Amino acid sequence: MSAFLEIEGLSAVLAGTGARLLRSVSLAVDTGEVRGLVGESGAGKSMIGKAVLGILPKAVRVAEGAIRLDGHDLLAMRPADRRRLIGSVAALIPQDPLTALNPSKRIGPQITDRLVDILGWGKADAQARALELLGEVHIEDPERVIGRYPHELSGGMRQRILIASAFAAEPRLIIADEPTTALDVTVQKQILKLIGEMQAHHGTALVFVTHDLGVVSKVCQSLSVLYAGKVVEDARVADFFAAPRHAYSRALLAATPKYTDPAASLQPVDPSVIEAVTAEVAVADREWIHGR
Amino acid sequence: MLSGSLSVLLLRIVLGRLATMAITLFGVAVIVFVVIRVVPGNPVAMMLPPGATEADIARLNALYGLDKSIPEQFVIWLGGVVQGDFGTSISTRQPVLDLVLGRLPATLELSIFALVLAVIIGGVMALTGTRFRGTRTEGAVDVANGVGLSVPDFLWGLVFILLFGVLWPIFHISGRISPALDLPFVTQFYVFESIVRLRFDLWWDLLTHMFMPALALAIPLAAIISQLLKQSLKETMHLDYVVLARTKGYGENRVIVGEALRNAVLPTLTLIGVQFTFLIGGTVIIERLFSYEGLGNMAIDAVINRDLPLIQGIVIVFALIFTVVNLIVDMLYAVLNPRLRHA
């Protein structure tokens with residue numbers, strides 16, 4: 001049986017310059033699997049999520065490759081069908097809860113809008129579903145909160161609401177794009193726990209985009225390590241933390257701060273490793289250009 | 001759908017504004033009163049035939065109270081205004097208040113019709129430009145905005161008279177309503193009353209008179225609305241909640257109208273408030289151009305005749321309209337922007 005989400009040889013280029021932002025990325029996420037996408041800023045980890053959800057910036061173009069969601073080839077579909085499919089089987093938990101809710105709409109409709117508008121639910125069913133979801137994400141007094149506006153709620157509460165909204169239509173894949181980066185540390189832990197809890201409860205496949213290997217070790221079963229838009233390692237989490245295969249992965253792991261000794265463990269990635277991996281990327285680029 | 005907290009906020013805005021409105025109107029009254037008395041030109045000299053004696057001039061001056069000092073005249077006039085008496089027009093010898101109220105509805109109907117046209121034209125252009133951003137259609141919208149912004153309203157008026165009044169006489173180019181018609185109206189709000197009375201024949205006649213002056217007034221405002229709304233829509237389209245809505249399965253049109261528009265419209269609303277007052281100012285020339293019997297047309301006659309009480313009355317009414325428009329904008333802002341509530 002094939003995986004729920006399959007990405008095969010996906011390359012994305014910046015329109016105009018032709019620079020490659022994703023370099024023949026391949027990865028698969030099974031139903032119920034939690035996969036981490038790890039890399040530095042600019043490694044392209046968010047870009048993969050955006051490509052799957054059809055929200056790449058206008059300046060970025062998919063040059064080759066395939067994205068299959070639930071067996072459908074997304075890039076070959078008509079845009080309207082693709083939007084509908086994505087809206088009904090996939091969802092996004094965005095990075096910044098302060099900007100990801102519409103400031104002029106009440107909370108309730110923002111959780112259930114896709115149920116009503118895309119999946120054709122009745123208003124009363126949607127309302128009941130919103131209350132149920134707010135309970136699931138541990139929000140006190142859901143009846144009061146669905147009538148509130150985003151500015152009346154804290155960042156942590158807003159992220160809970162965005163999680164509720166992501167799970168509203170029982171999606172089979174959720175892409176969490178650094179969902180805790182914009183929150184303060186105590187709230188981060190709660191949100192991380194909540195996402196794990198919701199994922200386990202609903203059995204949703206989850207792609208967890210993060211730069212934090214510590215988070216990956218707690219939440220994920222597998223991970224893909226990205227450098228400059230290229231997957232340098234794809235491994236089970238247990239295997240990875242026991243013995244990372246790629247030199248860049250080892251360097252990244254070594255650079256993760258440890259709570260036991262934060263000062264000594266704060267090390268930048270070894271420049272010779274960066275040099276080696278950059279050379280590797282350059283070779284891949286030459287082959288790619290040559291092959292076209 | 002007005003919630004309790006919203007009504008309270010609206011009431012607070014109105015009460016908070018009453019004091020500043022009174023001060024503004026007083027300031028306007030002082031300025032116009034003094035200015036029209038210190039600039040050259042004497043109403044009495046305009047009324048008397050050549051060869052009038054010094055005694056005749058002094059007698060008329062005394063009759064209209066123009067022999068007193070300006071502060072004294074102001075106090076007398078203000079005392080009347082407080083009691084609803086704006087004085088008597090020098091040129092027509094009728095009460096100023098009756099004259100102004102008789103013409104005000106015509107100007108209000110024209111300005112509001114122009115505003116509606118501007119919002120529709122500007123809104124459609126902004127939405128079209130946003131929907132087809134990055135294409136030639138957006139380029140065409142930008143060019144149209146540029147033309148609309150750079151040609152003043154009275155020039156549009158002249159162009160329309162030439163095109164649709166003279167070359168292809170589709171519209172009436174003069175007056176408010178065809179003089180031959182029998183008018184059943186009891187108020188001066190002809191357009192409004194013709195709809196209430198279901199007299200669509202009269203309504204159509206009014207509309208064909210009003211359309212060209214209103215369009216001339218509307219075009220510059222439409223261009224401003226289009227430009228600003230398109231700009232803020234474009235910025236809003238990149239915001240996280242709009243991108244999130246795309247992942248929910250919404251198409252482009254729904255994303256623009258359902259997610260972006262309400263938030264993008266707020267800065268435009270403020271600007272419409274300011275620009276609408278300019279539009280009302282523009283009625284002075286446009287009404288003259290189309291011989292439309294409104295307040296603006298009367299203002300020009302009043303200035304030509306140095307009819308001091310009438311000028312004062314008209315200016316006060318214009319100032320009152322401006323302050324009320326700003327008040328309405330503030331209230332709309334509170335309705336549309338939930339962040340202003342519970343403040």
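Residues numbered from 1 in each chain as written. Chains lettered and ligands numbered in written order. Predicted model: local features only at pLDDT ≥ 70, side-chain atom pairs only at ≥ 80, totals over all residues. Heavy atoms only, no water.

*Asks:* Any chance you could explain a nonpolar patch on the surface here in plain terms?
*Replies:* Residue and element names in this part refer to chain B. Together, F26, V30, I31, V34, V35, V38 and V39 give the surface a local cluster of nonpolar side chains, amounting to about 570 Å² of exposed area. In this structure, I31 sits in helix α1 (residues 4-38). What makes I31 exposed here is its relative accessible area of 55%. (Patch = residues over 30% accessible without salt bridge, like charges linked within 9 Å, V, L, I, M, F, W, Y side chains within 5 Å. Areas by Shrake-Rupley, 256 points an atom, 1.4 Å probe, with all protein chains shown as cover. Salt bridge = Lys/Arg side-chain N within 4 Å of Asp/Glu carboxyl O. Helix = DSSP H or I, 4+ residues; strand = E, 2+ residues; numbered from the N terminus. Buried < 20%, exposed > 50% of the residue type's maximum accessible area, 1.4 Å probe, protein only.)

*Asks:* Would you mind showing me how to read the domain arrangement of chain B here?
*Replies:* One frequent convention defines the size of an interface as the accessible area lost when the parts assemble. All names here are of chain B. Assigned domains of chain B: these are domain 1 (1-91 + 306-343) and domain 2 (98-304). Placing a centre on the C-alpha atoms of domain 1 and another on those of domain 2 gives a separation of 27 Å. At the interface, 22 residues of domain 1 touch 23 residues of domain 2. Buried surface at the junction of domain 1 and domain 2, both sides included, amounts to about 1,900 Å², of which 79% is carbon and sulfur. When the buried surface of domain 1 facing domain 2 is broken down by residue, I314, F318 and L336 rank first, second and third, together holding 27% of it. Our count for the contact surface shared by domain 1 and domain 2 stands at 0 salt bridges. Inspection of the region where domain 1 meets domain 2 yields 5 residue pairs in polar contact (both at pLDDT 80 or more). Sorting elements by how many residues they give to the side of domain 1 that touches domain 2 places helix α13 (residues 308-336) first, with 15 residues. In terms of residue class, the side of domain 1 that touches domain 2 is made up of 14 nonpolar, 4 polar and 4 charged. (Domains from an automatic or database assignment. Contact = heavy atoms within 4.5 Å. Buried area = accessible area lost by both parts, 1.4 Å probe. Polar contact = N/O pair within 3.5 Å; in protein donor to acceptor, adjacent residues only side chain to side chain. Nonpolar A, V, L, I, M, F, W, Y, C, P; charged D, E, K, R; others polar.)

*Asks:* Please clarify how the environment of V116(B) should be interpreted in this entry.
*Replies:* Relative to the assigned elements, V116(B) resides in helix α5 (residues 96-131). The spacing of V116(B) and L215(B) is 99 residues in sequence and 9.9 Å in space, taken between C-alpha atoms.

*Asks:* Mind showing me how you'd approach the sheet that holds strand β7 (residues 173-177) of chain A here?
*Replies:* Think of a sheet as strands paired side by side through backbone hydrogen bonds, with each pair either parallel or antiparallel. All names here are of chain A. If you walk across this open sheet you meet the 6 strands as β6-β7-β8-β3-β9-β10, and the pairing is mixed. Strands at the two margins of the open sheet, each flanked by one partner only, are β6 (90-93) and β10 (230-236). With direction set aside, neighbouring strand axes in the sheet form an average angle of 15°. Packing of helix α7 (residues 185-202) onto the sheet brings it into contact with β3 (34-38), β6 and β8 (205-210), and relative to β8 it is tilted by some 160°. (Pairing = 2+ DSSP bridges. Axes fitted to C-alpha atoms, helices over the stretch in contact; angles between N-to-C directions.)

*Asks:* Explanation requested: the packing of aromatic side chains in the structure shown.
*Replies:* The description of two aromatic rings rests on the distance between their centres and on the angle between their planes. Residue and element names in this part refer to chain B. According to the stated counting rule, one finds 14 aromatic pairs over all chains in the structure shown. Here the aromatic rings of F160 and F164 are separated by 6.2 Å at their centres, their planes lie at 45°, and the arrangement is tilted. Linking F160 with F164, this pair stays in helix α7 (residues 153-167), spanning 4 residues, or about one helical turn. Given a relative accessible area of 26%, F164 falls into the partly exposed group. (Phe/Tyr/Trp six-rings, centres within 6.5 Å; stacked < 30°, edge-to-face > 60°.)

*Asks:* Sorry if this is basic, but what is going on with helix α1 (residues 45-53) of chain A here?
*Replies:* An α-helical segment advances 3.6 residues per turn. Residues three or four places apart therefore align on the same side. Residues and elements named next belong to chain A. α1 sits mainly inside the fold: 8 of its 9 residues count as buried. Within the span of α1, buried status applies to K45, S46, M47, I48, G49, A51, V52 and L53. The positive-phi residue at the C-terminal boundary of α1 is G54, with phi of around 75°.

*Asks:* Looking at this structure, how should I read the environment of L332(B)?
*Replies:* All names here are of chain B. Note on placement: L332 falls in helix α13. L332 gets classed as partly exposed once you look at its relative accessible area, which sits at 39%. Distance from L332 to L10, taken between C-alpha atoms, is 9.0 Å for residues 322 residues apart in sequence.

*Asks:* I'm lost on the packing of α1(B) against helix α4 (residues 70-82) of chain B in this one. Help?
*Replies:* Each pair of packed helices can be described by the angle between their axes along with the distance between the axes. All names here are of chain B. With their axes 11 Å apart at the nearest point, α1 and α4 run at an angle of 135° to one another. Our classification of the angle between α1 and α4 gives oblique. Note that α1 runs across α4; the crossing there is right-handed. Residues F26, A29, V30, F33, V34, R37 and V38 of α1 touch α4, and the partners they reach there are I70, Q73, F74, W77 and L78. Its residues assigned to classes, the contact of α1 with α4 shows 10 nonpolar, 1 polar and 1 charged. (Parallel < 35°, antiparallel > 145°, perpendicular 65-115°, else oblique. Left-handed = near helix turned anticlockwise from the far one by under 90°.)

*Asks:* What is the right way to read the sheet that holds strand β1 (residues 5-14) of chain A from this model?
*Replies:* Residue and element names in this part refer to chain A. Taken together, the 4 strands give an open sheet; going across it, the order is β2-β1-β4-β5, and neighbouring strands pair in antiparallel fashion. Pairing within the sheet leaves two strands with one partner each, and these edge strands are β2 (20-29) and β5 (72-73). As paired elements, β1 and strand β4 (residues 60-69) share 8 bridges and run antiparallel to each other. Each bridged residue has a counterpart across the sheet, and for V13 the counterpart in β4 is R61.

*Asks:* Mind showing me how you'd approach the interface of chain B and chain A here?
*Replies:* Across the contact, 21 residues belong to chain B and 28 residues belong to chain A. Interface of chain B and chain A: buried area, both sides summed, is about 2,200 Å²; carbon and sulfur atoms make up 52% of it. The shortest N-O distance in the salt bridge between K248(B) and D113(A) comes to 3.0 Å. Where chain B touches chain A, the interface holds 13 residue pairs in polar contact (both at pLDDT 80 or more). Elements represented by at least two residues in the side of chain B that touches chain A include exactly α10 (240-247) and α11 (252-289) of chain B. With 6 residues, the top contributor of residues to the side of chain B that touches chain A is α10(B). Among the residues making up the side of chain B that touches chain A, the classes are represented as 6 nonpolar, 6 polar and 9 charged.

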